Amino acid sequence: MDTPPKAIAGVSTFLDDRLGAGSFLKRNLRKMFPDHWSFLLGEIALYSFVILLLTGTFLTFWFKPTMGEVVYNGAYEPLKGVMMSEAYASALHISFDVRGGLLIRQIHHWAALLFVAGMVVHMLRVFFTGAYRKPRELNWLIGILLLSLALFEGLTGYSLPDDLLSGAGLRITQGVILSIPLIGTYIQFFLFGGEYPGEDIISRFFTLHILLIPGILLALITAHMILMWVQKHTQMPGKGRTEKNVVGAPFYPAFMAKAGAYFLFTFGVLALLGTFAQINPIWLFGPYTPADISAGSQPDWYMGFLEGSLRLMPAWEINLFGTSGGTVPLSVLIPALVPLGLIMTGLALYPFLEQWVTGDRREHHVADRPRNNPHRTSIGISAMTFYGVLWLLGANDEISANFHIGLYETTMFGRVAVFLGPAIAYFVTYRICLGLQRKDAEIVSHGVESGVIKRMPNGEYIEVHTPPADDILAHMRGKKEIPVIESAADREGIPPKGARSLIGRLRAKMSKAYGTDRVPLEEEHGEEHVAVGAGERKEVH
Amino acid sequence: MIGTGRSVKSITARRRHPLARFAVVALALGLLGGGYALAAPNGSTADAAVASGKADDVAKGKDLFVAHCASCHGLNAEGTKSGPTLVGVGAAAVDFQVSSGRMPAADPGAQAPRKPLDEWVTPEAIDQLAAYVQSLGGGPTRPSAEQVDPAKGDPAKGGELFRANCIQCHNFVGAGGALTYGKYAPSLNEASPTQIYEAMATGPQAMPVFNDSTITPAQKRDMIAYITSVRGQVDPGGSGLGRIGPVTEGLVAWVVGISLLVLAAIWITAKKRQAH
């Protein structure tokens, strides 16, 4: 059975001779992938994207991206005879007259929500384990680009059906564009082809939504995957895992089976949601006219933090040359640009800022446990709190209506919490990280409580500790020191070159705070306790 | 001395017993409550007069008014610090407020909520109260059954009016929404067609008035047709998630979608080939 059947051997030799496929496959099919549940989170986004492409293609078969007015005459009674754009009428047609249309539309929308959510949880995993560190900074940047593009893709998709809710989103988008000083009005006229809403925006957003942005997304996702493949996936610290190896299962057959199963899980969850949970019921919103607006008009979740910052912002504006000349509406400009800019720029710069502070130029293939870099973890949770407060307050009218809290009280709470919350989160997270580190140090040096109390010959009672399991111990010992840049003065009291300037001194200070290990794993007296525990254990059993 | 001393001591001891203070409070409350029950005017007199059917509607309405409404609206409906005058609000306002349980108000809050009706609130009692208030200074009258019949309205036209006039507070399907200072636009799901009509005609609480020159009675009927048809609709896409828009959708995406997929990820990676 050593020689394959002729039918297979012929074809594979043909391909092998021309493509060199054999050695390529041999090398890559055996690629090792480390196993940890959090490493699958990015695949939620990947598979949602695949489903978005397929369902989206289905929707384009019937969707008419034009704003020409028609009289609705479809299956949905309460709108019969109402004037509406052809885009909205065709979206209704998909929902009520195309077989399976509503299901596909709902799966498409749920997939969009999970696409961005999958990206966010994946990004949080990468951030908190330090997997963005050298050599993966570029892939991290691609990820940030993907996230920004996904937000824009979501925004354009939200606007396409031209229902009342999507019109509300479009109006805010236009308001933000108008608020940009000097060029705002020009951009608005260029984008909308004249006065708002005009007759062009739907077809323009359609092209962006189905061609340009998905094309860029696809290209960047491919680059993201290739880089991951070439650089190898990071692994959690553990037994036998070093910076030079990857411990896990080969791509074929183990990882491929898991990835395939996970695609089916993702599809299953999306089909479940699309079947049983109604999303974006455009027939209830009605057609868009710029004069109408509904209570409870909200964006999809991923734009919620922008909605929240807009709702929290006090009504500030600057009138430069009287109201006729240069009005700078800070009440729109700041909430639209500042939180988004802070979060995206912060994310993009973080790997480089961390490198600058720690002076760490090493390659990292073993991930950090979040507790072992307490300042990074605290910064992350702090940023999540900032985002979370804004996100929550984007729904302040629903919170007010459903939990009977005054609307203004929610706004006042948000205005304080958006500053105070991150500070509290930083402090609390930092203390929790140190506490967890202490717990690790205790287990490493003293072992695990066994629950067995022994009486010594001299009458002393001790609790027998058993050494931790090998793999857990290796996982804990995977903690690596965070480098601190050299800043101590030499014998003559002169600090090194880099640490003399104001920025240099600040950097040295930050480096010391960021890198100093407050809870070293090994303590002086550790050995003897483990020895006692180990010795006693033999007697017990 | 010993004898008297002992009895004084024992009284003092009882007085200082930990339960004594509760006993005193209970006694005081009992006396106060009992005294009030004896002295307070008996609320059932007016109801009894209504039941006997002797007085005409206006007179009986006045009796009901004095018993149930006058403490806030004044004995002659002239209004007090805690309630506005009812002269000129009309029978429609009375019917809306009383038949939805909003009046008599349970407590003075930012807004009186819809609540279950008291026992005395019968259609007959509402008729009488309405007749009395109508007699004070006119105002919008109650619509006829035909005026609020959803079957006679055009829901498509009503939908356009509904979107132009109502949804900015009541939400796109009338699920309700928040207003400022603790006020809110209530859900329209429980409102009867008559109540919807009367609310538009009288503008209760924070709501503006949509009188017959703003929205004609026929248009009001169209709107009622739209509201009742949409709220009676079975959601074609599955659970409606409260029909309040993307907030609950986002919540479901995270709480159901991401949670299920995280569980799946944990399950998949927990299956490992045992290394030997």
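Residues numbered from 1 in each chain as written. Chains lettered and ligands numbered in written order. Predicted model: local features only at pLDDT ≥ 70, side-chain atom pairs only at ≥ 80, totals over all residues. Heavy atoms only, no water.

Topic: the packing of helix 12 (residues 304–312) of chain A against helix 14 (residues 374–393) of chain A
All names here are of chain A. Rule in force here: All axes here are fitted lines through C-alpha atoms, helices being fitted over the stretch that makes contact, and every angle between N-to-C directions spans 0 to 180 degrees. Strands here are runs of E lasting at least two residues and helices are runs of H or I lasting at least four, both read from the DSSP assignment and numbered beginning at the N terminus. In what follows, roughly perpendicular refers to angles from 65 to 115 degrees, roughly parallel to angles under 35, roughly antiparallel to angles over 145, and oblique to any angle outside these ranges. Any two residues whose heavy atoms approach within 4.5 Å are treated as being in contact. Three classes are used, and their members are as follows: Ala, Val, Leu, Ile, Met, Phe, Trp, Tyr, Cys and Pro are nonpolar, Asp, Glu, Lys and Arg are charged, and the others, Gly among them, are polar.
Running from amino to carboxyl end, helix 12 crosses helix 14 at an angle of 75 degrees, the nearest separation of the two axes being 6 Å. One element, helix 12, and the other, helix 14, form an angle in the roughly perpendicular class. Counting all contacts with helix 12, which are made through Gly 304, Phe 305, Gly 308, Ser 309, Arg 311 and Leu 312, the residues of helix 14 involved are Tyr 387, Leu 390, Trp 391 and Leu 393. Class assignment for the residues of the contact of helix 12 with helix 14 results in six nonpolar, three polar and one charged.

What about the nonpolar core?
Rule in force here: We define the nonpolar core as a collection of buried residues of types Ala, Val, Leu, Ile, Met, Phe, Trp, Tyr and Cys that are connected through side-chain atoms lying within 4.5 Å of one another. Categorising residues by exposure relies on relative accessible area from a 1.4 Å probe, with only protein chains included: less than 20% of the type maximum marks a residue as buried, more than 50% marks it as exposed, and the intermediate range marks it as partly exposed. Domain start and stop positions are those given by an automatic or database domain assignment.
Among the nonpolar cores identified, the biggest contains 79 residues, and A:Trp110, A:Phe115, A:Val116, A:Trp140, A:Tyr262, A:Trp301 and B:Ile258 are the most heavily contacted of them. Per-domain counts for this core show at least three residues from each of domain 1 (38–241 + 263–285) and domain 2 (368–482 + 517–541) of chain A. B:Ile258 has contacts with A:Ile44, A:Leu114, A:Ala117, A:Gly118, A:Val121 and B:Ala253, leaving out every residue within four places of it along the chain. With 53 residues, the next largest nonpolar core counts A:Met67, A:Tyr158, A:Leu284 and B:Val148 among its residues.

Considering unusual backbone geometry
Note that the residue after A:Lys134, namely A:Pro135, is joined by a cis bond; omega there is 5 degrees. Turning to its location among the elements, A:Pro135 is positioned in the loop between helix 5 (101–128) and helix 6 (137–159). Of note, the bond from A:Tyr196 into A:Pro197 is cis; its omega dihedral lies within 30 degrees of zero at -10 degrees. Notably, B:Tyr181 is not glycine yet its phi reads approximately 55 degrees, a positive angle. On the secondary structure map, B:Tyr181 appears in the loop between strand 1 (177–178) and strand 2 (184–185). By relative accessible area, which is 61% here, B:Tyr181 ends up exposed. One non-glycine residue, B:Leu241, lies in positive phi territory at about 55 degrees. Summarising the element assignment, B:Leu241 is placed in the loop between helix 11 (217–231) and helix 12 (246–270). Given a relative accessible area of 16%, B:Leu241 falls into the buried group.

With respect to the confidence of the model for chain B
Residue and element names in this part refer to chain B. Basically, it comes down to this: In predicted models, pLDDT denotes the confidence assigned by the predictor to each residue on a 0 to 100 scale.
Confidence in the prediction of chain B, expressed as mean pLDDT, is 86, and 87% of residues score 70 or more. No element of chain B has a lower mean pLDDT than helix 3 (residues 44–52), at 45, and none a higher one than helix 12, at 95. Model confidence for the complex is summarised by a pTM of 0.87, with the ipTM given as 0.91.

Topic: the confidence of the model for chain A
Mean pLDDT over chain A stands at 91; residues scoring 70 or higher make up 95%. Per-residue pLDDT stays below 50 along residues 524–541 of chain A; that stretch engages in 22 contacts with residues further than four places along the chain or on separate chains.

Regarding the packing of helix 6 of chain A against helix 9 (residues 201–231) of chain A
All names here are of chain A. Rules: Note: crossing handedness is left-handed where the near helix turns anticlockwise from the far helix by less than a right angle, and right-handed where it turns clockwise.
Here helix 6 crosses helix 9 at 160 degrees, and the two axes come no closer than 9 Å. One way to sum up the angle between helix 6 and helix 9 is to call them roughly antiparallel. Crossing hand, helix 6 versus helix 9: left-handed. Counted by class, the contact of helix 6 with helix 9 contains 18 nonpolar, eight polar and one charged residues.

What to know about the pairing of strand 7 (residues 448–455) of chain A
All names here are of chain A. Test applied: Pairing between strands requires that DSSP locate at least two bridges from one strand to the other.
Examined bridge by bridge, strand 7 and strand 8 (residues 461–466) share six bridges and lie antiparallel to one another. Opposite Glu 449, over in strand 8, you have His 465 as the bridge partner. Hairpin connection of strand 7 to strand 8: five residues between the antiparallel strands, including Gly 459 at a positive phi of 95 degrees.

Side note on the pattern of salt bridges
Residue and element names in this part refer to chain A. Just so we agree on the cut-off: Just to be clear on terms, a salt bridge is a Lys or Arg side-chain nitrogen sitting within 4 Å of an Asp or Glu carboxyl oxygen.
Inspection of the entire model under this criterion finds 19 salt bridges over all chains. Of the charged contacts, one joins Arg 362 and Asp 360 as a salt bridge, the two residues approaching to 3.0 Å between their closest N and O atoms. Looking at Asp 360, the relative accessible area reads 11%, which means it is buried. We note a salt bridge from Arg 376 to Asp 368, for which the minimum N-O separation is 3.1 Å. We note that Arg 376, like Asp 368, is buried. Several salt bridges share partner residues, and in doing so they unite Arg 133, Glu 354, Asp 368 and Arg 376 into one network.

Section: the environment of A:His365
Residues and elements named next belong to chain A. So the rule is basically this: We call two N or O atoms a polar contact when they sit within 3.5 Å, provided that within protein one can donate a hydrogen and the other can accept it, with sequence-adjacent residues counted only if both atoms are side-chain atoms.
Note that His 365 resides in the loop between helix 13 (330–358) and helix 14. Separated by 202 residues in the primary sequence, His 365 and Asp 163 place their C-alpha atoms 48 Å from one another. Once you skip the residues sitting within four places of it in the chain, His 365 turns out to touch Pro 135, Arg 136, Gln 231, Thr 234, Gln 235 and Glu 243. At 2.9 Å, the side chain of His 365 forms a polar contact with the side chain of Glu 363.

Focus: the interface of chain B and chain A
Defined as follows: Using a 1.4 Å probe, buried area is obtained as the accessible area two parts lose upon being combined, added over both of them.
In this complex, chain B contributes 52 residues to the contact, which on the side of chain A involves 64 residues. Overall, the association of chain B and chain A removes approximately 4,500 Å² of surface from exposure, summing both partners, and the carbon and sulfur fraction of that is 72%. When the buried surface of chain B facing chain A is broken down by residue, B:Arg163, B:Trp254 and B:Leu261 rank first, second and third, together holding 15% of it. Summed over the shared surface of chain B and chain A, the result is zero salt bridges. Along the contact surface separating chain B from chain A lie 13 residue pairs in polar contact (both at pLDDT 80 or more). Elements supplying a minimum of two residues to the side of chain B that touches chain A: helix 8 (155–165), helix 9 (167–170), strand 1, helix 11 and helix 12 of chain B. No other element matches helix 12 of chain B, which puts 19 residues into the side of chain B that touches chain A.

What about the state of the cysteines?
One way to say it: the disulfide is the covalent bond shared by the sulfur atoms of two cysteines. All names here are of chain B. The cut-off we apply is this: Pairs of cysteine sulfur atoms within 2.5 Å are what we label disulfides.
Within the structure shown, the criterion is met by zero disulfides over all chains. Cysteine Cys 72 is unpaired, with the sulfur of Cys 69 as its nearest cysteine sulfur at 9.0 Å. Cys 169 takes part in no disulfide bond, and the closest cysteine sulfur, belonging to Cys 166, lies 9.0 Å away. Look at Cys 169 and you get partly exposed, because its relative accessible area is 30%.

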